[in-house]
Amino acid sequence: MHDGSPTVCVGGAAFAYVNAFKAHVNVGFFHGAEIADPEGLLEGDGRFMRHVKVRPDEDIDAKAVRRLIHTAYADIRRRLRAETDGAA
């Protein structure tokens, strides 16, 4: 949990989260502004974070969301390796 939201971490570094609202759920990425989003699913205009808004009455491209999750995971792994390599 981070700021009251279920959060996914790798090596202590948060990379994804889920926020539930009355009318939708956000599947978000802490570095979403910097990951590839070829299908244009990510919303938000913050400096770092982006999210996919999932509504119960709308279809979702599950494969595209899965690709975003894999992309965000690869991104945080790369960032952690860079930190480790830079610290050595």
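Cut-off values and rules
Residues numbered from 1 in each chain as written. Predicted model: local features only at pLDDT ≥ 70, side-chain atom pairs only at ≥ 80, totals over all residues. Heavy atoms only, no water. Core = buried A, V, L, I, M, F, W, Y, C linked by side-chain atoms within 4.5 Å. Buried < 20%, exposed > 50% of the residue type's maximum accessible area, 1.4 Å probe, protein only. Helix = DSSP H or I, 4+ residues; strand = E, 2+ residues; numbered from the N terminus. Contact = heavy atoms within 4.5 Å. Pairing = 2+ DSSP bridges. Axes fitted to C-alpha atoms, helices over the stretch in contact; angles between N-to-C directions. 1 Å grid on protein atoms, 1.4 Å probe; cavity = no way out; pocket = protein on both sides within 12 Å on 5 of 7 lines; lining within 4 Å. Points joined across faces, edges and corners; volume = space filled by probe spheres on them. Nonpolar A, V, L, I, M, F, W, Y, C, P; charged D, E, K, R; others polar.

Draft legend 1. Structural context of the nonpolar core. In this structure, F15, F29, I35, L42 and L68 are the most contacted members of the largest nonpolar core, which totals 13 residues. Of all the secondary structure elements, the ones that give two or more residues to this core are β2 (13-20), β3 (25-29) and α1 (62-87). Ranked by residue count, the leading element in this core is α1, at 4 residues. Once residues lying within four places of it in the same chain are set aside, the contact partners of L68 are F29, I35, A36, D37, L41, L42 and V52.

Draft legend 2. Spotlight on the sheet that holds strand β1 (residues 7-10). If you walk across this open sheet you meet the 4 strands as β1-β2-β3-β4, and the pairing is antiparallel. The sheet is open, and its two borders are formed by β1 and β4 (50-54), each paired with just one other strand. Here the average twist between neighbouring strands, direction ignored, is 15 degrees. When β3 meets β4, the two strands line up antiparallel, connected through 5 bridges.

Draft legend 3. Broad picture of the pairing of β2. In this sheet, β2 lies alongside β1 in antiparallel orientation, the contact comprising 4 bridges. Considered in β2, the bridge of V10 is made with A13. The loop that links β1 with its antiparallel partner β2 comprises 2 residues; one of these, G11, has a positive phi angle of about 55 degrees. Bridge analysis of β2 against β3 gives 5 bridges, and the strand direction is antiparallel. Across the sheet, residue A16 finds its bridge partner in β3, namely F29. The hairpin formed by β2 and β3 contains 4 residues between the paired strands.

Draft legend 4. Seen up close, empty space enclosed by the protein. The tally for this structure, following the rule as stated, stands at 1 cavity of 30 Å³ or more. Taken as a whole, the largest cavity holds about 40 Å³ of empty space. F15, F29, F30, H31, G32, I35, A72, D75 and I76 together form the lining of the largest cavity. Looking at the lining of the largest cavity, the element that brings in the most residues is α1, giving 3 residues. Across the lining of the largest cavity, the residue classes tally to 6 nonpolar, 2 polar and 1 charged.

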